[in-house]
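# Survey of secondary and tertiary structure
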Amino acid sequence: MNMAETRAGLIIWDVDGTLIPADLRWLRRAVARTYDIEESAVVFPAARIHGYTDESIVVDTAIASGVASETAEEGFSRYAEVLMQVMRQGEAELARDQAAYPGAVQTIATLAEHGYVQTALTGNLRVSAEFKLTVAGLDSHLDLEIGAFGSDARERFDLPAFVADRYQAKYRHPIEPARTVIIGDAPNDIATARHAGFGVVAVSHRITSEELWEHSPDAVVDRLDPDEVLEAIRSAQTIRSAAKLDR
């Protein structure tokens, strides 16, 4: 892909809660097997679940479930293998219960037609993110080679830098923050975009539009309608470009 093909900008998708429904069953099962505890004994912490990385969530969940802190940290090295065993065993269940949100496939295809490069930034480990996206039929137009995942860093704020580095290495020119837009569903997606200097469109799949606006995204959409999302992205890019000029 050359520079002309990337002129529209870069779209960075969150996965759980944005492209597919969020579901903690895989985390629960994998944490139980990783730390040899009963699924019924797995306790998720009150905060730091949605919008955080798997490593952060898993370690905090293990500790909340009664696992010693040091053991929780050490056990994470086994987690990826266990998680993929759980997900492969439950592939039919995943396809049934975490099918793509209505409009997701069409929206991604429409953005590709308009010249946007698209990838993912997610707290999921790369192997599980790729598996989920493939099962949901959402991987066709996503360049996951330049994506960022929970397996890259423990803190979500560190992930945009991986996208920037991988994008430049592949496309031979740097990303333009004012034309780069994160699409997510959680306040931490908005915070991550702001930290990176990117635009951000929030989708009110799990949180109301009113609640999302409290975190000051550039735009909010209620659903993944291709035309509405495209308009929201262009609005976010205009806002970011204006902010850049004002500095």
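Provided above is the structure to which this section pertains.
Quick caveat: nothing in here was measured; it's all calculated off a predicted structure.

### What to know about helix α3 (residues 69-89)
With 21 residues, α3 ought to run about 30 Å at 1.5 Å a step, and its terminal C-alpha atoms sit 29 Å apart, in line with that. Taken as a whole, α3 carries its principal kink of about 50° at Arg-78. Listed in full, the buried residues belonging to α3 are Ala-72, Gly-75, Phe-76, Tyr-79, Val-82, Leu-83, Met-84, Val-86 and Met-87. Residues of α3 that are buried make contact with α1 (25-34), α2 (54-64), α4 (91-97) and α6 (126-135).

### Topic: α6
Of all the positions in α6, only Ser-128, Ala-129, Phe-131, Lys-132 and Leu-133 are classed as buried. Where α6 is buried, its residues touch α2, α3 and α4. Downstream of α6 by a residue or two, Gly-137 has a phi angle that is positive, lying close to 70°.

### Comments concerning the packing of α2 against α3
Two quantities define a packed helix pair, namely the angle between the axes and the distance from one axis to the other. Between α2 and α3, the least distance of the axes is 9 Å, while the angle of their chain directions is 125°. Relative to α3, α2 is oriented oblique. Two packed elements cross with a definite hand, and for α2 against α3 that hand is right-handed. Taking contact as the criterion, the partners of Asp-54, Glu-55, Val-58, Val-59, Ala-62 and Ile-63 in α2 are, on α3, Ser-69, Ala-72, Glu-73, Phe-76, Tyr-79 and Leu-83. Residues that form the contact of α2 with α3 fall into these classes: eight nonpolar, one polar and three charged.

### Things to note about the nonpolar core
Within the largest apolar cluster, 31 residues are counted, with the highest numbers of intra-cluster contacts made by Trp-13, Ile-183, Val-201 and Ile-233. Counting only elements with at least two residues in this core, the list comes to β1 (10-13), α5 (104-113), α6, β3 (180-184), β4 (199-203), β5 (219-221) and α10 (226-246). By residue number, the principal contributor to this core is α10, which donates five residues. For Ile-183, the contacting residues outside a window of four places in its chain are Ile-11, Ile-12, Trp-13, Asp-14, Thr-18, Val-201, Val-203, Val-229 and Ile-233. Among the nonpolar cores identified, the runner-up in size contains 24 residues, and Ala-30, Val-31, Val-42 and Met-87 belong to it.

### Observations concerning unusual backbone geometry
Despite not being glycine, Asp-36 shows a phi value in the positive range, around 55°. When you line up the elements, Asp-36 lands in the loop between α1 and α2. Overall, Asp-36 belongs to the exposed group, its relative accessible area being 71%. A positive phi angle, near 60°, is found at Ser-216, a position not held by glycine.

### Examining the pairing of strand β2 (residues 117-120)
Here β2 shows a buried face lined by Val-117 and Thr-119 and a second buried face lined by Gln-118 and Ala-120. Both β1 and β2 contribute to a ladder of four bridges, which runs parallel. In the sheet register, Leu-10 faces β2, and the bridge partner there is Val-117.

### Considerations on the sheet that holds β1
Strand order in the open sheet formed by five strands is β2-β1-β3-β4-β5, with parallel pairing between adjacent strands. Taken across any chain shown, the strands that pair with only one partner, and hence form the sheet edges, are β2 and β5. Here the strands of the sheet are splayed against their neighbours by 25° on average, with no regard to which way each runs. Note: β1 against β3, four bridges, orientation parallel. When the sheet's bridge partners are listed, Ile-11 is paired in β3 with Val-181. In the packing of α5 onto the sheet, contacts are made with β1 and β2, and the angle to β1 comes to roughly 160°.

### Here's the deal with the packing of α3 against α6
Packing of α3 against α6 brings their axes to within 10 Å, and their N-to-C directions diverge by 15°. As far as their axial angle goes, α6 and α3 are roughly parallel. Of the two elements, α3 crosses α6, and the hand of that crossing is left-handed. Residues Leu-83, Met-84, Met-87 and Arg-88 of α3 form the contact with α6, whose participating residues are Val-127, Ser-128, Phe-131 and Lys-132. Considered class by class, the residues forming the contact of α3 with α6 number five nonpolar, one polar and two charged.

About the thresholds
- Residues numbered from 1 in each chain as written.
- Predicted model: local features only at pLDDT ≥ 70, side-chain atom pairs only at ≥ 80, totals over all residues.
- Heavy atoms only, no water.
- Helix = DSSP H or I, 4+ residues; strand = E, 2+ residues; numbered from the N terminus.
- Expected span 1.5 Å × (residues − 1).
- Bend = angle between axes of the 7 residues up to and from the residue.
- Buried < 20%, exposed > 50% of the residue type's maximum accessible area, 1.4 Å probe, protein only.
- Contact = heavy atoms within 4.5 Å.
- Axes fitted to C-alpha atoms, helices over the stretch in contact; angles between N-to-C directions.
- Parallel < 35°, antiparallel > 145°, perpendicular 65-115°, else oblique.
- Left-handed = near helix turned anticlockwise from the far one by under 90°.
- Nonpolar A, V, L, I, M, F, W, Y, C, P; charged D, E, K, R; others polar.
- Core = buried A, V, L, I, M, F, W, Y, C linked by side-chain atoms within 4.5 Å.
- Pairing = 2+ DSSP bridges.

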